[in-house]
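# What the coordinates show
Now for the letters of each chain:
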Amino acid sequence: MNKLIKYLVGIFCIGFSLSIVIIYSNLLIYGLGIKDFLLYIVKTWEFYLLPLGIYLIIKR
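Quick caveat, the model's predicted, so the values are computed rather than measured.

### Here we look at a nonpolar patch on the surface
A cluster of nonpolar residues, M1, L4, I5, Y7, L8, V9 and I11, forms a patch on the protein surface that exposes about 670 Å² of accessible area. Residue placement: I5 occurs in helix α1 (residues 2-29).

### Notes on the packing of α1 against helix α3 (residues 49-59)
Between α1 and α3, the shortest axis-to-axis distance is 8 Å and the interhelical angle comes to 150°. It follows that α1 is roughly antiparallel to α3 by the angle criterion. The interaxial crossing formed by α1 with α3 has left-handed handedness. Across from K6, Y7, V9, G10, I11, C13, I14, F16, S17 and L18 in α1, the residues of α3 making contact are L49, L50, L52, G53, I54, L56 and I57. Each residue belonging to the contact of α1 with α3 can be placed in one class, and the counts come to 13 nonpolar, 3 polar and 1 charged.

### As for the packing of aromatic side chains
Inspection of every chain in the model, using the stated rule, returns 3 aromatic pairs. Centroid distance F12 to F16: 5.9 Å. Interplanar angle 15°. Geometry classified as stacked. Taken together, the residues span about one helical turn, with F12 and F16 both in helix α1 at a distance of 4 residues. Residue classification places F12 among the exposed positions, given a relative accessible area of 57%. F16 sits in the partly exposed class, given a relative accessible area of 29%. Aromatic pair F16 and W45: ring centres 6.1 Å apart, planes at 45°, arrangement tilted. Taken together, the residues F16 in helix α1 and W45 in the loop between α2 (34-43) and α3 connect sequence positions 29 residues apart. What makes W45 exposed here is its relative accessible area of 56%. What links up through ring pairs into an aromatic cluster is the set F12, F16 and W45.

Basis of the calculations
Residues numbered from 1 in each chain as written. Predicted model: local features only at pLDDT ≥ 70, side-chain atom pairs only at ≥ 80, totals over all residues. Heavy atoms only, no water. Patch = residues over 30% accessible without salt bridge, like charges linked within 9 Å, V, L, I, M, F, W, Y side chains within 5 Å. Areas by Shrake-Rupley, 256 points an atom, 1.4 Å probe, with all protein chains shown as cover. Salt bridge = Lys/Arg side-chain N within 4 Å of Asp/Glu carboxyl O. Helix = DSSP H or I, 4+ residues; strand = E, 2+ residues; numbered from the N terminus. Axes fitted to C-alpha atoms, helices over the stretch in contact; angles between N-to-C directions. Parallel < 35°, antiparallel > 145°, perpendicular 65-115°, else oblique. Left-handed = near helix turned anticlockwise from the far one by under 90°. Contact = heavy atoms within 4.5 Å. Nonpolar A, V, L, I, M, F, W, Y, C, P; charged D, E, K, R; others polar. Phe/Tyr/Trp six-rings, centres within 6.5 Å; stacked < 30°, edge-to-face > 60°. Buried < 20%, exposed > 50% of the residue type's maximum accessible area, 1.4 Å probe, protein only.

Structure (structure tokens):
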């Protein structure tokens, strides 16, 4: 049961962080540079859920 919870939390974290990356990728369409795009992505706390989610899925 504990492994299932870790797996589900990992999926949630990855999904949440990827949705933020996709939303911010629209800024590239409006002419924002790659440097600024990466700066905005790194500033959001949701982006840091991606490594946590990957860790929880791999460690299960």
